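Coordinate analysis (summary)
Residue strings, one per chain:
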Amino acid sequence: MQGFLNLNKPFDWTSHDCVARVRKLLRLKRVGHAGTLDPAATGVLPIALGRATRLLQYLPETKAYKATIRLGVQTTTDDLQGEIISSQPCPGLNFADVQTAIAQFNGKIEQIPPIYSAIQVDGKRLYDLARRGETVEVPKRTVEIFHTEILDWRDGEFPELDVAIACGSGTYIRAIARDLGATLETGGTLAALIRTASSGFNLADSLTLTDLETQIQAGTFQPSLPDIALQHLPSVALPAISAQKWCQGQKIPQTLDFSGILRVYDQETCFLGIGKLQDSLLIPTTVLKN
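Residues numbered from 1 in each chain as written. Predicted model: local features only at pLDDT ≥ 70, side-chain atom pairs only at ≥ 80, totals over all residues. Heavy atoms only, no water.

Applying the stated rule across the entire model yields three aromatic pairs. With 5.7 Å between their ring centres and 45° between their planes, F4 and F201 make a pair best called tilted. Residue F4 is located in strand β1 (residues 3-9), and its partner F201 is located in strand β13 (residues 201-202); the two are separated by 197 residues in the primary sequence. With a centroid separation of 5.4 Å and an interplanar angle of 55°, the aromatic rings of Y265 and F271 are classed as tilted. A relative accessible area of 11% places Y265 in the buried class. For F271, a relative accessible area of 11% corresponds to the buried category. (Phe/Tyr/Trp six-rings, centres within 6.5 Å; stacked < 30°, edge-to-face > 60°. Helix = DSSP H or I, 4+ residues; strand = E, 2+ residues; numbered from the N terminus. Buried < 20%, exposed > 50% of the residue type's maximum accessible area, 1.4 Å probe, protein only.)

Ranked by size, the top nonpolar core spans 27 residues in total, and within it L71, I173 and L180 carry the most contacts. For this core, the elements supplying multiple residues, two or more each, are β4 (63-71), α2 (95-103), β10 (141-154), β11 (160-167), α4 (173-184) and β12 (188-198). No other element matches α4, which puts five residues into this core. Beyond its immediate stretch of four places on either side in the chain, L180 contacts I69, L71, A101, I102, F105 and L161. (Core = buried A, V, L, I, M, F, W, Y, C linked by side-chain atoms within 4.5 Å. Contact = heavy atoms within 4.5 Å.)

Following the UniProt record, the feature "active site" (unreviewed entry) maps to D38 here. Of note, D38 is situated in the loop between β2 (31-33) and β3 (42-49). When neighbours within four sequence positions are excluded, D38 is seen to be in contact with K9, W13 and R174. (UniProt positions renumbered as here; feature names shortened; annotations may be inferred.)

Moving on: the pattern of salt bridges. Throughout the structure, instances matching the rule amount to nine salt bridges. The salt bridge involving E110 is made with K140; its shortest N-O contact spans 3.7 Å. Placement of the pair is E110 in strand β7 (residues 107-111) and K140 in the loop between α3 (126-131) and β10, with a sequence separation of 30 residues. Accessibility classification places E110 together with K140 in one group, the exposed group. Note that E160 is salt-bridged to R154, the shortest N-O span being 3.1 Å. When salt bridges that share partners are traced, they join R70, D152, R154, E160 and D162 into one network. (Salt bridge = Lys/Arg side-chain N within 4 Å of Asp/Glu carboxyl O.)

So, about the domain arrangement of the protein. The domain architecture assigned to the protein consists of domain 1 (3-59 + 201-218), domain 2 (63-198) and domain 3 (235-287). Just the C-alpha atoms count here: the centres of domain 1 and domain 3 sit 29 Å apart. Looking only at domain 1, the three residues that lose the most surface to domain 3 are R54, L55 and Y58, adding up to 91% of its buried area. Our enumeration of links across domain 1 and domain 3 arrives at zero salt bridges. Counting every contact that joins domain 1 to domain 3 gives four residue pairs in polar contact (both at pLDDT 80 or more). Class assignment of the residues belonging to the side of domain 1 that touches domain 3 gives a composition of two nonpolar, one polar and two charged. (Domains from an automatic or database assignment. Buried area = accessible area lost by both parts, 1.4 Å probe. Polar contact = N/O pair within 3.5 Å; in protein donor to acceptor, adjacent residues only side chain to side chain. Nonpolar A, V, L, I, M, F, W, Y, C, P; charged D, E, K, R; others polar.)

Of the voids in this model, the second largest pocket is the one considered here, and its volume is about 190 Å³. Considering the residues around the second largest pocket, the lining is formed by 14 residues, among which F4, N6, F201, D205 and S224 are closest to the centre. (1 Å grid on protein atoms, 1.4 Å probe; cavity = no way out; pocket = protein on both sides within 12 Å on 5 of 7 lines; lining within 4 Å. Points joined across faces, edges and corners; volume = space filled by probe spheres on them.)

Take unusual backbone geometry next. For D279, which is not a glycine, the phi torsion comes out positive at approximately 55°. With respect to the helices and strands, D279 occurs in the loop between β17 (271-278) and β18 (281-287). Of note, S280 is a non-glycine position whose phi angle comes to about 65°, a positive value. Relative to the assigned elements, S280 resides in the loop between β17 and β18. On the basis of relative accessible area, S280 is assigned to the partly exposed category, the value being 41%.

Below, the structure is given as structure tokens:
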């Protein structure tokens, strides 16, 4: 079995928990995931099955979220799973100020990842260091926010903002919640998070673990085709003899109007794998079909 599973990750499960469960349900050793989700987050977690695990590196990096940000509260983890550092009611917070502040998080921005995160500093995970009480300087990183949209606003002592965020890889939505609160001088933390799209997969088409188990028991489960999430890459179709040589690891002369990574097919539209076009040669990088 090879292909992708668009999994709707449940609350309080780690991404590793989900991989282990899928591996057990499908009785499959080679299972991997793209784009780690925090345990408190739900939504799209792309799962690669079989030889498709080799394609994870080529998936598109764009992601989309629906987040609820609670203002007036700051926590150790930048979400409600952590200890409260400060609690400052702000019933008079002006919504217009919130709109202006959230707009500052569009485009390329510098972001400091939460101290409770999987980022490594000197070979050690930040969350391991934080749990041991060790203080380290977390380096800033540049991330890209393509779009933010306010979906709902609920005022009160601790106002809440629902926002849709489309972003690139490596973006921490918890950090946006924290930094929005800092900008407004109220404090802020992430109250809820759903990933609505990731690496070419959408929430509307996802399966829960219960759905997956039901389909497996009924014998109806079919993973998505290996190339389903690779449509952002250009493609080339090879004649039969060239396709066979390419699958055997040989470089094939090929002249196209572009260079770089692309999907490779035979003339029967069978997906063969991923190649790299360089100096008019199609070089095998990931061959799925021998």
